[in-house]
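Report on the structure
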Amino acid sequence: MRENSLLKNIYKNKFIYLSLVPTFAFLLTFNYFPAINALYHSLFEWDGIGYEKFIGINNFINLFKDPVFIIALKNVSILAIAGVIISITFPLLAAELTFNLRNLRMQYLYRTMFVVPMVVPGVVILLLWGFIYRADGLLNKILITMDLSNLARPWLGDFKTALYAIIFIGFPWIGSFNYLIYLAGLQSINRELFESSIIDGATRLQQIFYIDIPMLLGQIKLILILTIIGVMQGYTIQIVLTQGGPGYSTMVPGMYMYNSAFQYYKMGYGCAIGTFLFGVILFLTIISRKYIQAPTEFGGAK
Amino acid sequence: MNKAYIGEFFKHFSIIILILLTLYPFFFLIISSLKSHEEFTHNFLGFPAHIRWVNYTAAWKAVSRYIYNSLIMSSLTVVMVVFLSSYVGYIFARYKFPGRDFLFYAIISLLMIPGALTLIPQFIIVKNLGLLNTRWACILPWTSGGQIFAIFVIHSFMSSLPEELFEAARVDGAGIFQIYARIAVPLSYPTLVTIAIMHFVGTWNDIIWPLVTITKPELRPVTVGIMAFNSAYYQNYGPLFAGYILASIPLVILFIFTMRFYIQGLLSGAIKM
């Protein structure tokens, strides 16, 4: 009887199920299947065309014996630490400075100026920085005019500087998105908190450390997670500017996955790197959700 | 009073320094795009003495094709994402049916899957479907992946709408699709526009996926095209920089019309997790 009513209920809603079909057809083809397929093929030697052989966890064992992958891990750790430090300092500083201005019209003007880079496509920004770093580029020309020509070099072509040059891209790192999230957070802090702290004799600097930052923990946590996830799996900068070189000095796991799959046709090995990245990102997300408690999660206007 | 004045001056001063540093590369790009090769070498940092618009005509010849491709690919993706996700988000938000929660969480759980995991099998699928070197190679996977976050956002927005509106329409005998088109969509217009902008910009900026799926020069989108252009014009600075600027113009236009809206969306927390 009950089963019958469930079937009836499903039949009654047939039009609803029917309208979900396109979405699930898309997701099954381009999302669920590839995700499961990647986990599956991480246990195989696979060329992507026809040949595949089950090798258990050998891909993962080889990965940690692979000197290139170890370098890539070291590089991505440096980039992630730098990225985290940058993303919770400079955009927050800019947001604090703008938020604390008395002149609201200037506040609006400055906000617009900080957001301008958002309209420029990422690849153009990267290519522009590629030019800044060239042997005959902007940075070296400026160094030469300042009589520091002994420092001049092709910054991305030098083993010693390439990774740091990548970190330095976008200086002074006021990312529009991060900046706006912090600004939104500051604007949503209850005014009464500031007023009562002034009565208690707090200076603005004390307010920043005892009110602003604790109240912004939600935003800081969000940006922290997004930055770590972005850096861990990212390799757009490498694709556009360095290909992981010179040598392996800017190699990261994502770039190595790309090369394994599309240069050497080691698709199974590539899937193992993808699986590894998935595991790391999942782990970091769970850890940060558990250990950084915060009142709101995203751009909270609450 | 005097002390407050100094503090205020210090804030303005620091902000202006930060803004100058942030925007200087773009300023340099614009003035350099108008210089001849000789002037670029001899008058590296200054304003151009003679403005060379020719740089732009030369760059346009190379870049226009890529802009056209990107416009088609991004627009189609946006239309499909907005339509699918608004309709599905509406159904999950406003109707009860067996398996609803399970199906909804099945979609949302895909937010945890990073692009790095799916890249290789996705490429194989697109290849097996015979889509390599067609615009669909980008449009279909972009649409599929784009829906996920969009459904999530639209669902939470549409769940927050008052039930009376929908109830009244139902009493008047409106069907599922009519209620969607006449009530749900008009009410969630701001959310839908924000979703549209996000996906237009996101697909416009994607490099890695078109790089692996589209190798035919005439089908390249802007990101991949401008990289090829960059190698071809490596020492030809004027047209090179003019090309960078031309590649940015569609996004600049989009933001001129919608930036205010987008910033308001982020500032007021239109997108919450």
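Because the structure is predicted, anything quoted here is derived from the model rather than measured.

Conventions we followed
Residues numbered from 1 in each chain as written. Chains lettered and ligands numbered in written order. Predicted model: local features only at pLDDT ≥ 70, side-chain atom pairs only at ≥ 80, totals over all residues. Heavy atoms only, no water. Helix = DSSP H or I, 4+ residues; strand = E, 2+ residues; numbered from the N terminus. Rg over C-alpha atoms; globule rule 2.2 N^0.38 Å. Buried < 20%, exposed > 50% of the residue type's maximum accessible area, 1.4 Å probe, protein only. Contact = heavy atoms within 4.5 Å. Lys, Arg positive; Asp, Glu negative; His and termini not counted. Charge placed at Lys NZ, Arg CZ, Asp CG, Glu CD. Phe/Tyr/Trp six-rings, centres within 6.5 Å; stacked < 30°, edge-to-face > 60°. Lys NZ or Arg CZ within 6 Å of the ring centre and 35° of its normal. Domains from an automatic or database assignment.

1. Quick notes on the overall build of chain A
- In terms of helices and strands, chain A carries 16 helices and two strands.
- Here the C-alpha atoms of chain A give a radius of gyration of 25 Å, more than 25% beyond the 19 Å that 2.2 N^0.38 yields for 302 residues.
- Projected onto its principal axes, the C-alpha coordinates of chain A cover approximately 70 × 70 × 35 Å.
- Across the 302 residues that make up chain A, the buried fraction comes to 53%.
- Expressed as a percentage of contacts within chain A between residues at least 6 apart in sequence, the contacts between residues at least 24 apart total 64%.
- With 21 positive and 14 negative side-chain charges, chain A shows a spacing of 6 Å between the two charge centroids.

2. Let's talk about the packing of aromatic side chains
- Counting across every chain of the model gives 48 aromatic pairs over all chains.
- When the centroid spacing of 6.4 Å and the interplanar angle of 40° are considered together, the rings of B:Tyr24 and B:Phe28 count as tilted. With B:Tyr24 and B:Phe28 both in helix α1 (residues 2-32) and four residues apart, the pair spans about one turn of that helix.
- For B:Tyr24, a relative accessible area of 27% puts it in the partly exposed group.
- The exposure class of B:Phe28 is buried, given its relative accessible area of 1%.
- Ring geometry for B:Phe92 and B:Phe104: centres 5.4 Å apart, planes at 55°, overall tilted. A residue pair is termed long-range when its members are at least 10 positions apart, and B:Phe92 in helix α3 (residues 54-94) and B:Phe104 in helix α4 (residues 100-108) qualify at twelve residues.
- Given a relative accessible area of 2%, B:Phe92 falls into the buried group.
- Ring-pair connections join several aromatic residues into one group, and the members of that group are A:Phe131, B:Tyr24, B:Phe27, B:Phe28, B:Phe40, B:Phe47, B:Tyr237, B:Phe241 and B:Tyr244.
- Seen from the ring of A:Trp155, A:Arg153 lies directly overhead, with NZ or CZ sitting 5.3 Å from the centre.

3. Some remarks on the domain arrangement of chain A
- With domains assigned, chain A is organised as domain 1 (1-41) and domain 2 (59-291).
- If you average the C-alpha positions of domain 1 of chain A and of domain 2 of chain A, the two centres end up 39 Å apart.

4. Some points on unusual backbone geometry
Residue and element names in this part refer to chain A.
- A cis geometry characterises the amide bond from Phe171 onward to Pro172, with omega recorded as 0°.
- Assignment of secondary structure puts Pro172 in the loop between α9 (162-168) and α10 (176-188).
- If you check the backbone angles, Trp173 has positive phi at about 55° while not being a glycine.
- As for its placement among the helices and strands, Trp173 is situated in the loop between α9 and α10.
- Residue Gln243 is not a glycine yet carries a positive backbone phi of 55°.
- Its location among the elements puts Gln243 in the loop between α14 (236-242) and α15 (253-262).

5. Side note on the side chain of A:Ser87
Residue and element names in this part refer to chain A.
- Tracing the sequence through the fold places Ser87 in helix α4 (residues 67-87).
- A relative accessible area of 4% means that Ser87 is categorised as buried.
- Dropping the residues within four chain positions of it, Ser87 is found in contact with Asn178, Tyr182, Ile223 and Thr227.

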